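# Results of the structural survey
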Amino acid sequence: MTCQEILKQLNPEQGEAVSTTEGPVLVLAGAGTGKTRVITFRIAYMLSRGIPAESILGMTFTNKAAREMKERLAQLVDPKLAERVTLGTFHSFCGKLLRREIKKLGYLPNFTIADESDQLGIFKQAAGEAGCGSDFPFSAAFNIMSGWKNRLITPEKARKMAGNQFEVMAGAAYGKYQELLELQNLVDFDDMLMLTWRIFKEYPEVLEKYRERYRYLMVDEYQDTNGAQFTLVKMLAGERCNLCVVGDDDQSIYSWRGADVGNILDFPKIFKGTKVVKLEQNYRSCNAILNAANAVISQGGDSRRHTKQLWSALGEGRTPEIITLNNGEDEADFIARLIEQRKRERNCSYSDFAILYRSNQLSRQLEQTLRGANVPYRMVGGQQFFQRREIKDALAYLKLMSNPLDDQSLLRLLSSPPRGIGAKAVSDLKSYRLEGRGSMFEALNSGEFRAKLSRPAAKGAEELMSVFARFKPLFEQPGGLSGKCAEFLKETGYIPGLQKIYKDIDDAVKRRDNVDEFISAISQFELKRGEPATLTEYLEACSLLEESEREDEADEEKDAVTLTTVHAAKGLEYPIVFVIAMEHGIFPHERALDEGGADEERRLFYVAVTRAKEELYLLRTRMRMVRGVMHPSRPSGFLGMIDGEFAKSQTPDDLLKTVDRDTLAAKFAELYEFMKS
DNA sequence: ATGTTTAATCTTTTT
DNA sequence: GATTAAACAT
């Protein structure tokens, strides 16, 4: 495709974003304005202008986004050429860099990635060692530390900056935490960014190498970048600064996770000569929905905002409906009935519907009712596969195999299944480690150490270690991973021990099935990859894999209603959307309001509204079960922002009766508009 | 050392 | 209401 052909397929603003390849560019892409299209076409445009594919780097937040872009790019240009463009998440980019360079910082290249529960466990230990008592507020301190790491604040700096006693303690715990991680050759998610930053800073020649390689940078969902990501991007862009960021400040909903909206608000100030392009034509929703969305987003208290006014050429459409039900059960019932009715009337499929909610627990009632009503559904996120105990246990075995210094994993697998190693032996291991005699893994391997343990403990340790020793050379060879893992998990006694761990026979069978599924996921990984993989490579991919990505293939195929949190729905779209529990304290969430996140809650509602293409139903109840007790509820303030002018209230029964008539009326109105023009 | 009961906690969660 | 860790008993 030539440049001209590419530009012909875009609107003028999109074209401007695509054809400005040099210098800093900020693309403010409102909801549904063709953001992904702009990014992929921009890359295609650059390629057709002769820019080498190897020098283009695109950063996303999710693997899903990266994969989608790869796929769409492969449709635009020669797939072989598309493959040579680097498209990946921040973390996968940093992960690859660290495997090559982390030796410089004293870590081993086979480091494993600490997940959230590892982090919490290690932090508790760190706080203990730093002298924090049992009354020390762990989770608050952990959050503080997380904030520091997001902003690339080192332990030394944190301690210097500390303004009160609590922060001093948290800083001390932070320092200890980093020591413990390094000792175990572990890297947490924040470290992946932070250690990359350290390498760039301490080894300018490495930074220079990457700058020379990646001369054209693009960042997706830029409103969600944190301080660390901003700094990395800025470093890589350097003087050349061919940096194009795409995002929407109105959809900034991850500040609680360290995202800094300031990055997108101040981009033009930080990067002089920035070309700002606003995309305001929405290709997703009808105007009735956009009007409601515009009302929600413009009524806020955010003084700092890139103003945008979305418009659509898709006609007026149906006015959003506000429906009040008695309780959660009625609400779910009503949705089930309306889905069946609308499906018949519109002759559409279940997958055209989505039900959105603020917090995961709200899905329970829905699941129950939809199951009872035989409405097929698919849940996004929810209880996550890799969070399940049996999977985490299985992973602990593999992680320890890959990184023997990982005490966290070692402690986890010692008691699953029980093998005679209990509290006494564990405390011996901990003191061995504290005395600096070596890692826990080495302790278990030492006859001297084992001699001090009880008979059964020593025996258990010896058997376990002999299996590890036997499999070590096998795992050093790449390829045949799933078979080796299955064999390894059997030999170590983990799989045979499942019945022992889970007494309930049905439970044990289910867990066993999950472990089997886990092993088949490994073989799928190998298959997809094409070339023989090592265990370390698999574990990294596994840690960086988002949950939604390992949905069952069969699940993805089936026609089903989508159930999801609003957060997880970002970037998705559905013809018909329900938002449930529009009640004060739930949406907006009380705790978010307490923490000063009123504007973010509103933006979250904006995200919810803009998921709908044609029909939007906002539901609330008079009574709701909260944590097991019935509670009277008040309508969400968000409803008041749109009720009357942009949405109409209906009783559930009237709506079920009249929805058909309204659809016809809307069709006639559209036809009329069309005839007029 | 391991199995059982009680108490505490509960927003969102791209990596 | 449901899940999970810490205290308690076997």
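Preceding this section is the structure that the text describes.
Figured I'd write up the structure that's included with this text.

All residues adjacent to DNA strand C are Lys124, Arg364, Arg389, Arg627 and Gly628. In this structure, Arg389 approaches DNA strand C through a side-chain N or O atom, which is 3.2 Å from a phosphate oxygen. Looking at the surface near DNA strand C residue by residue, the class counts come to no nonpolar, 1 polar and 4 charged.

Right, let's get into the sheet that holds strand β7 (residues 243–247). On the basis of which strands lie adjacent, the open sheet formed by 6 strands has the order β3-β2-β6-β7-β1-β8 and parallel pairing. The open sheet has two edge strands with one neighbour each: β3 (86–89) and β8 (275–279). Across the sheet, the axes of successive neighbouring strands diverge by a mean angle of 15°, strand direction being ignored. As paired strands, strand β2 (residues 56–60) and strand β6 (residues 216–219) are joined by 4 bridges and run parallel to one another. Paired with Leu57 across the bridge in β6 is Leu217. Each of β1 (25–29) and β8 is contacted by helix α2 (residues 12–19), which is oriented at about 145° to β8, the strand it contacts most.

Here the focus is the packing of helix α19 (residues 389–402) against helix α28 (residues 535–543). When two helices pack together, their arrangement is given by the angle between the helix axes and the distance between those axes. It is at 9 Å that the axes of α19 and α28 come closest, and there the two elements cross at 130°. In terms of their interaxial angle, α19 and α28 are classed as oblique. Crossing of α19 over α28 shows left-handed handedness. Judged by residue contacts, Leu395, Leu398, Lys399, Met401 and Ser402 of α19 engage Leu535, Thr536, Leu539 and Cys542 from α28. Of the residues that constitute the contact of α19 with α28, the class distribution is 6 nonpolar, 2 polar and 1 charged.

In this model helix α11 (residues 189–202) runs 20 Å from its N-terminal to its C-terminal C-alpha over 14 residues, within 8% of the 20 Å that 1.5 Å per residue would give. Taken residue by residue, α11 has Asp190, Asp191, Met192, Leu193, Met194, Leu195, Thr196, Trp197, Ile199 and Phe200 as its buried positions. In this structure Asp188 caps α11, since a side-chain oxygen of it lies 3.0 Å from the backbone nitrogen of Asp190.

Attention shifts here to the side chain of Ser409. Inspection of the secondary structure assignment puts Ser409 in helix α20 (residues 407–414). The residues contacting Ser409, other than those within four sequence positions of it, are Ala396, Lys399 and Leu400.

A word on the pairing of β1. Most of β1 is tucked away: 5 of the 5 residues are buried. Covered by surrounding structure in β1 are Val25, Val27 and Ala29 together with Leu26 and Leu28, the residues of both alternating faces. The sheet contact formed by β1 and β8 spans 5 bridges and is parallel. Paired with Leu26 across the bridge in β8 is Val276. Bridge count between β1 and β7: 4 bridges; the pairing is parallel. Opposite Leu26, over in β7, you have Val245 as the bridge partner.

Parameters at a glance
- Residues numbered from 1 in each chain as written.
- Chains lettered and ligands numbered in written order.
- Predicted model: local features only at pLDDT ≥ 70, side-chain atom pairs only at ≥ 80, totals over all residues.
- Heavy atoms only, no water.
- Near = heavy atom within 4 Å.
- Polar contact = N/O pair within 3.5 Å; in protein donor to acceptor, adjacent residues only side chain to side chain.
- Nonpolar A, V, L, I, M, F, W, Y, C, P; charged D, E, K, R; others polar.
- Pairing = 2+ DSSP bridges.
- Helix = DSSP H or I, 4+ residues; strand = E, 2+ residues; numbered from the N terminus.
- Axes fitted to C-alpha atoms, helices over the stretch in contact; angles between N-to-C directions.
- Contact = heavy atoms within 4.5 Å.
- Parallel < 35°, antiparallel > 145°, perpendicular 65-115°, else oblique.
- Left-handed = near helix turned anticlockwise from the far one by under 90°.
- Expected span 1.5 Å × (residues − 1).
- Buried < 20%, exposed > 50% of the residue type's maximum accessible area, 1.4 Å probe, protein only.

Coordinates in, geometry out; function isn't part of it.
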